[in-house]
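# Coordinate analysis (summary)
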Amino acid sequence: MAGSGRRPEHRGPPELVSAGRRSRVAEIQSQMSERAVELLGLPEDRPCLLLDVGCGSGLSGDYISDEGHYWIGMDISPAMLDVAMEREVEGDLLLADMGHGIPFRPGMFDGCISISAVQWLCNADKKSHSPPKRLYRFFSTLYTALARGSRAVLQLYPENSEQLELITTQAMRAGFTGGMVVDYPNSAKAKKFFLCLFVGASGTLPKGLGTECADGEEIHQAKFTNERTRFRNTKGKSVKKSRDWILEKKERRRRQGKEVRADTKYTGRKRRPRF
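How each quantity is defined
Residues numbered from 1 in each chain as written. Predicted model: local features only at pLDDT ≥ 70, side-chain atom pairs only at ≥ 80, totals over all residues. Heavy atoms only, no water. Helix = DSSP H or I, 4+ residues; strand = E, 2+ residues; numbered from the N terminus. Buried < 20%, exposed > 50% of the residue type's maximum accessible area, 1.4 Å probe, protein only. Contact = heavy atoms within 4.5 Å. Areas by Shrake-Rupley, 256 points an atom, 1.4 Å probe, with all protein chains shown as cover. Pairing = 2+ DSSP bridges. Axes fitted to C-alpha atoms, helices over the stretch in contact; angles between N-to-C directions. pLDDT = per-residue confidence, 0-100. Core = buried A, V, L, I, M, F, W, Y, C linked by side-chain atoms within 4.5 Å.

### Observations regarding the overall build of the protein
When helices and strands are counted, the protein shows seven helices and seven strands. Counting only residues that meet the buried cut, the protein has 44% of its 275 residues in that class. In the protein, the share of contacts with a sequence separation of at least 24, taken over all contacts with a separation of at least 6, comes to 66%. Here the protein displays about 14900 Å² of accessible surface, and carbon together with sulfur accounts for 51% of that area.

This is how it looks when you write it as structure tokens:
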């Protein structure tokens, strides 16, 4: 079972990773999660229930919650799920190997995201593991668990073109349509692969970011940041870490039956720097 849900950034116990590296990993994870949710094309007039495959410590789930959606995360690593519980994430958590399939009822989810996890199914960690069979089991049960007309967006790091072909072949065999969205294809560092899959009627495959301009990587990244900011503001969402954002998050946690500190005039107030 080892390997099919873990990601390179989680090597070693979290307490042994430097604070700077953890911060950088969290920033990258948040950016990819935001892009994945954007590619889902979710309706803006209602909250949705999403599945996060290979959820790890729940960093992607934080963004999903901030957008007003609900989520369930599954991961093969008990240690990472323990970290998620310590962080008191708002989603529900399940210890499971995605290579064994998605253990949820048909049509349960409005969408699925996965960040840096699916490529692990290409590895045969045990003699009994067959990558094509495990991939097909994953995709066929995921197809069943998703509502008709929904999408799955899976960000991945394929080692080579053979892995990419293996993954996409098994996805199409399971009934999905769609294809690969590649952001910043001309940048060695910023290049990202998103497998965008449609359930039922096939939709129009979104364009990758940075595909119309081959300028430097920094320009691409700045453009991505600006696009994300505009996208969020047009939906009228509260600015992250603002007082309204904090109050909304606390209210969501109260509705979930969790213990939350009472609101005061100091809630969300920025502390003065100490010298």
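### Quick word on the pairing of strand S7 (residues 192–198)
With seven of seven residues buried, S7 is to be regarded as a mostly interior element. On S7, burial covers both faces: Lys-192, Phe-194, Cys-196 and Phe-198 on one face and Phe-193, Leu-195 and Leu-197 on the other are all buried. The pairing of strand S5 (residues 146–156) with S7 spans six bridges and is antiparallel. Bridged to Gln-155 within S7 is Phe-194. Taken together, the seven bridges between strand S6 (residues 177–183) and S7 define a ladder with antiparallel strand orientation. The residue bridging Asp-183 from the neighbouring strand is Lys-192, located in S7.

### Section: the sheet that holds strand S3 (residues 92–95)
Pairing is mixed across the open sheet formed by seven strands, whose spatial order is S3-S2-S1-S4-S5-S7-S6. Lying at the two open borders of the sheet, with one neighbouring strand each, are S3 and S6. Neighbouring strand axes in the sheet, compared pairwise and without regard to direction, differ in orientation by 20° on average. Of the strands in this sheet, strand S1 (49–53), strand S4 (109–115), S5 and S7 touch helix H4 (residues 131–145), which is tilted by about 140° from S5. Strand contacts of helix H5 (residues 161–173): S5, S6 and S7, with the helix running at about 15° to S7, the strand carrying the most contacts.

### With respect to the confidence of the model for the protein
The predicted model of the protein averages 81 in pLDDT, with 75% of residues at 70 or higher. Helix H6 (residues 217–234) is the least confidently modelled element of the protein, averaging 38 in pLDDT, while S1 averages 98, the highest of any element. A low-confidence stretch, residues 1–16 (pLDDT under 50), is modelled with 46 contacts involving residues beyond four sequence positions or located in other chains.

### A look at the nonpolar core
Core analysis: the largest hydrophobic core is formed by 32 residues, its most contacted members being Leu-51, Ile-102, Phe-138, Phe-139, Leu-142, Leu-154 and Phe-176. For this core, the secondary structure elements donating two or more residues are S1, strand S2 (70–75), S4, H4, S5, H5 and S7. Apart from the residues within four sequence positions on either side, Phe-139 is in contact with Val-118, Leu-154, Ile-167, Gln-170, Ala-171, Ala-174, Phe-176, Leu-195 and Leu-197. The next biggest cluster of nonpolar side chains, apart from the first, holds 20 residues, and it includes Ala-36, Leu-39, Ala-84 and Val-181.

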